[in-house]
Amino acid sequence: MTKERERGDDPGTLGAGGGAERDGAGDHVLGVLPLRNSVLFPHAVMPISVGRRKTLALIESALEKDLPVVVVSQKDAAVDDPGADDLYEYGTLARILKAIRVGGGNINLIIQGQERIRIRSFTQLEPFLAAEIERLPNQQEGGIEVEAQARNLGLQFRKLVEIHPNLSGEVELSLPEDEPDRLADIISSVMPIPVSDKMDLLPIVSLRERLTQLTMRVAREIQVTELGSQIQSRVMDEVGKTQKQFYLREQMKAIQRELGEGDDRTREVEEFRKKVEEAGLTTEAREIADRELDRLAQMSPASAEYTVSRTYLDWLTNLPWSKATEDHIDLKHTREILDEDHYDLEKIKDRILEYLAVRKRRPELKGPILCLVGPPGTGKTSLGRSIARAMGRKFVRVSLGGVRDEAEIRGHRRTYVAALPGRIIQGLKRAGTRNPVFVLDEIDKLGADFRGDPASALLEVLDPEQNNSFSDHYLEVPFDLSQVFFICTANVLDTVPPALRDRMEVLNLPGYTEEEKVEIARRHLIPRQVTENGLAGAKLEFTDDTIRRVIADYTREAGLRNLEREFASLCRKIARKLVEEGEPEELLVVGADDIPGYLGPPHFYRELAERADRPGVAIGLAWTQAGGDILFIEATKMPGRGKLMITGRLGEVMKESAQAALSWIRSNADRFGIAPETFEKTDLHVHVPAGAIPKDGPSAGVTIDVALLSLMTGRPVRPQLAMTGEITLRGKVLPVGGIKEKVLAARRAGVTRVLLPRHNEKDLEDIQPELRKNLEFVFVEDLDQVIREALGENVTAAALPVSPPVERPVVVAGQVEVGDE
């Protein structure tokens, strides 16, 4: 449909009921057409296409009632549904010259500006915008000055049209020379300036002022355009100069070839060709290297792509494609080196010796992928260095803690600026061989975010069936990792994805016992700290009792880091003493009683005997990321209404264990002589000290049950007894995890008797016989057995008076965070 209209004398107005109305002289209510990225001036004709819902509704209404529209520019063109605040205050009254419906429901319009207006207020927002407007007076000014201004503006604008690339010469033909008012508005309409600048011109009603402002803007645009042309000319001159230099360089190269000489680039390409020949690349890598060399030879050294290609070739030719170290397959010598560097760790050492034995019989054996799991400070990372030394291989370590970007493993593609290969390829380049011992440290602390999942990228690296063709995003060439001896380290396996865990052979490193720490301190820690603190030539001796006291009173850990720090502090204080007092003539023996004088009061208190000698207190065994430790569980009662309070910052699982323990006791109250009304008139409170530390896990079930029953029967738990196990409402004791760490914790704390679930009996096979010495293990299947072992036979509420505490060995009990399995 096409509609055309002739301009009328009075366009009419839009009333609230759809008719026309007039609200005083010069005030009208008309529909508002928002305009994006442009400004309509009076006298200017503009084609536009409308498709927004409100605008289409406005056009339909205006066409139907033969009304003009108010065209107002948007402040932000990105706003799709503008409101009153999104439009400028000033606009132009326009009539619709032609309307043509096109596909998609849009309407193409040709509109012509008529008068300047100011929006006084918006009267409606739906179904389209409408506003009360005020027509601005058009101050027609004549005289020689206005005529001179208009003529100067026309000349300036013609000059701008000649030099500006976006202005058509047809604009000059439409300029009305004899009508200054129309001349100013038409030039304002086509000027290549921002909408905000045009909106500064639109409200100016004074013709003289408008001509002045517009002339200034035209003159400025001429200066900008001329300056841009000069810059473009200089750029073209530089391009021409560069092309000329290129031709000259090509001629120079031809002359140098005739004279047997070469330029730097040619020499560099030849050096790379030599490196490619010597690198021992695979067939696929050789093809890519040759192709990249041909590209490099055709590039200009000044090109940015030249540097990218050169860096890529440098990485490609410096990787150890065929370089490998020969393994020292002497099992006796390897064992000596491993024993020299690390005490105990028999399982790890046996696994290394097994690998070397098999490799001696089958040289093409692929490298193993081990995962050493244990508490901090147990020697996981240093063990990898010792393995490399024992095998005669290079050692590479990469820390993965906090890595969140998948490109850290696989590298960045060469399309990125400053792209590099991933850490795997970088480590191999540092090693210089294709079969190093490669330690991936802290694999349990990998992260993941929007940049990818590094753990998923490691699936290919740590899969023996896939890593013989590992593809880095930067190289885009398969590299064989099958001969690399990968060793991963972790404190826990819970955060390692199951698919990645399945690709590794997991070897556990539990915490060290006191005897092991004494031996390690004597062999490694003390000699190292004596040397580092300048005591190598001093007459100094540490007794075994001294070492044991430092271990017992000043450290509480499964590893050795804090122990070494304490010995470092001890050596520093001794060094200061020797400097201040002079070297002693006799041997300086540091005894156990001297330690507080050097290190201060003990850091850990001896409280096992004091805390477990009364009813309502039982000792549990706990597993933590730092190893194992004992856990006191205390219970008390008071008159009340049968409530159970549980404190100590316990997790949901541990709270549920306490509820289950109380339910079992209530269901068996008759057996223990506990009156049913006791539970209704008594409040029970179960507390696990060290309230600042979170605790959770089901293994405290038997301990909570024993503590509650001890409280309600008045019988204290047998001395130096600890226990662990999950319970059911039927009184069954279920197996739990972390048995080795818990047993070591019991041994450190001076416990002599340990209650374990029957199904955990097999876990004692992992504990050396010397560590089980002085410990009695009782395996239980139900709570009846637990109670007999912990509280004795015939446990009833009418128990015998509590006997005085028995004299017991004094040991340290630490504060731990509990978390089974």
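Residues numbered from 1 in each chain as written. Predicted model: local features only at pLDDT ≥ 70, side-chain atom pairs only at ≥ 80, totals over all residues. Heavy atoms only, no water.

Quick word on the overall build of the chain
Here is step 1 of the chain: Per the secondary structure count, the chain includes 27 helices and 25 strands.
Here is step 2 of the chain: Taken over C-alpha atoms, the radius of gyration comes to 44 Å for the chain, far larger than the 28 Å a tight globule of 821 residues would show.
Here is step 3 of the chain: Overall size of the chain, expressed as C-alpha extent along the three principal axes, is 120 × 100 × 60 Å.
Here is step 4 of the chain: Expressed as a percentage of contacts within the chain between residues at least 6 apart in sequence, the contacts between residues at least 24 apart total 74%.
Here is step 5 of the chain: As presented, the chain carries roughly 40,000 Å² of accessible surface, and 49% of it is formed by carbon and sulfur atoms.
Here is step 6 of the chain: Placing the 111 positive and 133 negative side-chain charges of the chain at their respective mean positions leaves the two points 2 Å apart. (Helix = DSSP H or I, 4+ residues; strand = E, 2+ residues; numbered from the N terminus. Rg over C-alpha atoms; globule rule 2.2 N^0.38 Å. Contact = heavy atoms within 4.5 Å. Areas by Shrake-Rupley, 256 points an atom, 1.4 Å probe, with all protein chains shown as cover. Lys, Arg positive; Asp, Glu negative; His and termini not counted. Charge placed at Lys NZ, Arg CZ, Asp CG, Glu CD.)

What to know about the packing of aromatic side chains
Here is step 1 of the chain: On inspection of all chains with the given rule, the structure shows 6 aromatic pairs.
Here is step 2 of the chain: Between Tyr312 and Tyr474, the ring centres sit 5.8 Å apart and the planes meet at 55°, which makes this aromatic pair tilted. Taken together, the residues span a long stretch of sequence, with Tyr312 in helix H9 (residues 304–318) and Tyr474 in the loop between strand S11 (470–471) and strand S12 (478–479) at a distance of 162 residues.
Here is step 3 of the chain: What makes Tyr312 buried here is its relative accessible area of 0%.
Here is step 4 of the chain: Look at Tyr474 and you get buried, because its relative accessible area is 2%.
Here is step 5 of the chain: Seen from their ring centres, Phe438 and Phe486 are 5.6 Å apart, and the 40° between their planes marks the pair as tilted. Of this pair, Phe438 sits in strand S10 (residues 437–441) while Phe486 sits in strand S13 (residues 485–490); the two residues are 48 residues apart in sequence, bridging distant segments of the chain. (Phe/Tyr/Trp six-rings, centres within 6.5 Å; stacked < 30°, edge-to-face > 60°. Buried < 20%, exposed > 50% of the residue type's maximum accessible area, 1.4 Å probe, protein only.)

A word on the pairing of strand S24 (residues 753–757)
Here is step 1 of the chain: Counting buried positions along S24 gives 5 out of 5 residues, so the element sits mostly inside the fold.
Here is step 2 of the chain: Going residue by residue along S24, you find Arg753, Leu755 and Pro757 tucked away on one face and Val754 and Leu756 tucked away on the opposite face as well.
Here is step 3 of the chain: Two elements, strand S21 (residues 721–723) and S24, share 3 bridges in a ladder whose sense is parallel. Paired with Leu721 across the two strands is Arg753, which belongs to S24.
Here is step 4 of the chain: Relative to strand S25 (residues 776–780), S24 is paired through 5 bridges, and the arrangement is parallel. Pairing of Leu755 across the sheet is with Val778, part of S25. (Pairing = 2+ DSSP bridges.)

Re the environment of Gly714
Here is step 1 of the chain: Along the chain, Gly714 turns up in the loop between helix H24 (701–713) and S21.
Here is step 2 of the chain: Judged by relative accessible area, which is 23%, Gly714 ranks as partly exposed.

Quick look at helix H11 (residues 346–361)
Here is step 1 of the chain: Helix length check: H11, at 16 residues, gives a terminal C-alpha distance of 23 Å against a target of 22 Å (1.5 Å per residue), a fit within 8%.
Here is step 2 of the chain: Taken residue by residue, H11 has Ile348, Lys349, Arg351, Ile352, Leu353, Tyr355, Leu356 and Arg359 as its buried positions.
Here is step 3 of the chain: Its buried side turned inward, H11 meets helix H10 (331–341), strand S8 (369–373), helix H12 (380–391), S13 and strand S14 (505–508). (Expected span 1.5 Å × (residues − 1).)

Remarks on the nonpolar core
Here is step 1 of the chain: Counting 54 residues, the largest nonpolar core has Leu440, Ile443 and Leu462 as the members making the most contacts within it.
Here is step 2 of the chain: Discounting chain neighbours no more than four positions away, the residues touching Leu440 are Val398, Leu400, Ile424, Leu458, Leu462, Phe486, Ile487, Cys488 and Thr489.
Here is step 3 of the chain: In this structure, Ile551, Cys571, Ile595 and Leu599 belong to the second largest nonpolar core, which totals 49 residues. (Core = buried A, V, L, I, M, F, W, Y, C linked by side-chain atoms within 4.5 Å.)

Focus: the state of the cysteines
Here is step 1 of the chain: Overall, the coordinates contain 0 disulfides when judged by the stated rule.
Here is step 2 of the chain: Of all cysteine sulfurs in the structure, the one in Cys371 sits closest to Cys488, which takes part in no disulfide; the separation is 5.5 Å.
Here is step 3 of the chain: On the basis of relative accessibility, which here comes to 0%, the residue Cys488 falls in the buried class. (Disulfide = S-S within 2.5 Å.)

Regarding the sheet that holds S8
Here is step 1 of the chain: Ordered by their spatial adjacency, 5 strands build an open sheet running S9-S10-S13-S8-S14, and the pairing between neighbours is parallel. A strand with exactly one partner marks an edge of an open sheet, and here the two such strands are strand S9 (395–399) and S14. Each adjacent strand pair in this sheet contributes to an overall mean axis angle of 20°, direction not counted.
Here is step 2 of the chain: With respect to the sheet, H12 is in contact with S8, S9, S10 and S13, its orientation differing from that of S13 by roughly 165°. (Axes fitted to C-alpha atoms, helices over the stretch in contact; angles between N-to-C directions.)

Quick word on the pattern of salt bridges
Pairs can form between side chains of opposite charge whenever their charged atoms are close.
Here is step 1 of the chain: Overall, the coordinates contain 53 salt bridges when judged by the stated rule.
Here is step 2 of the chain: Notably, a salt bridge pairs Arg210 with Asp181, separated by 2.9 Å at the nearest N-O pair. Of the two residues, Arg210 sits in helix H6 (residues 207–259) while Asp181 sits in helix H4 (residues 180–190), which places them 29 residues apart along the sequence.
Here is step 3 of the chain: A salt bridge links Arg310 to Glu268; the shortest N-O distance between them is 2.2 Å. Note that Arg310 is positioned in helix H9 and Glu268 in helix H7 (residues 264–279), a separation of 42 residues in sequence.
Here is step 4 of the chain: Because the salt bridges share partners, they merge into one network encompassing Arg335, Asp339, Glu346, Lys349 and Asp350. (Salt bridge = Lys/Arg side-chain N within 4 Å of Asp/Glu carboxyl O.)

What to know about the packing of H10 against H12
Packed helices, taken two at a time, are described by their axes: the angle between them and the distance between them.
Here is step 1 of the chain: Packing of H10 against H12 brings their axes to within 9 Å, and their N-to-C directions diverge by 155°. On the basis of the axis angle, H10 is roughly antiparallel to H12. The hand of the H10/H12 crossing is right-handed. Residues Thr334, Ile337, Leu338, Glu340 and Asp341 of H10 form the contact with H12, whose own contacting residues are Ser386, Ile387, Arg389 and Ala390. (Parallel < 35°, antiparallel > 145°, perpendicular 65-115°, else oblique. Left-handed = near helix turned anticlockwise from the far one by under 90°.)

A look at the layout of surface pockets
Here is step 1 of the chain: Roughly 880 Å³ of internal volume is contained in the largest pocket.
Here is step 2 of the chain: Looking at the largest pocket, it is lined by 36 residues, and the ones nearest its centre are Asn508, Leu509, Pro510, Lys740 and Glu741.
Here is step 3 of the chain: For the lining of the largest pocket, the elements supplying multiple residues, two or more each, are H11, S14, strand S17 (617–624) and helix H25 (739–749).
Here is step 4 of the chain: Taken together, the residues of the lining of the largest pocket break down into 16 nonpolar, 9 polar and 11 charged. (1 Å grid on protein atoms, 1.4 Å probe; cavity = no way out; pocket = protein on both sides within 12 Å on 5 of 7 lines; lining within 4 Å. Points joined across faces, edges and corners; volume = space filled by probe spheres on them. Nonpolar A, V, L, I, M, F, W, Y, C, P; charged D, E, K, R; others polar.)

A look at the confidence of the model for the chain
Here is step 1 of the chain: Model confidence for the chain is summarised by a mean pLDDT of 83, while 90% of its residues fall at 70 or above.
Here is step 2 of the chain: For residues 1–13, every residue scores under 50 in pLDDT, and the model assigns this stretch 39 contacts once sequence neighbours within four places are set aside.
Here is step 3 of the chain: In this model residues 798–821 is a low-confidence stretch, pLDDT under 50, and it forms 66 contacts with partners more than four residues away in sequence or in other chains. (pLDDT = per-residue confidence, 0-100.)

Comments concerning the environment of Ala297
Here is step 1 of the chain: With respect to the secondary-structure elements, Ala297 resides in helix H8 (residues 283–298).
Here is step 2 of the chain: With a relative accessible area of 26%, Ala297 lands in the partly exposed category.
Here is step 3 of the chain: Taking C-alpha positions, Ala297 is 9.4 Å from Glu270, a pair spaced 27 residues apart along the chain.

Observations regarding the environment of Val71
Here is step 1 of the chain: With respect to the helices and strands, the residue Val71 is situated in strand S4 (residues 69–73).
Here is step 2 of the chain: For Val71, a relative accessible area of 3% puts it in the buried group.
Here is step 3 of the chain: When the C-alpha positions of Val71 and Glu406 are compared, they lie 53 Å apart, and in sequence the two are 335 residues distant.
Here is step 4 of the chain: Discounting chain neighbours no more than four positions away, the residues touching Val71 are Leu33, Leu35, Leu40, Gly91, Thr92, Ala94 and Ile111.

Structural notes on the pairing of strand S3 (residues 45–50)
Here is step 1 of the chain: Covered by surrounding structure in S3 are Met46, Ile48 and Val50 only, the residues Val45, Pro47 and Ser49 on the alternate face being uncovered.
Here is step 2 of the chain: Both S3 and strand S6 (residues 107–124) contribute to a ladder of 6 bridges, which runs antiparallel. Looking at the pairing, Val45 lines up with Gln112 of S6.

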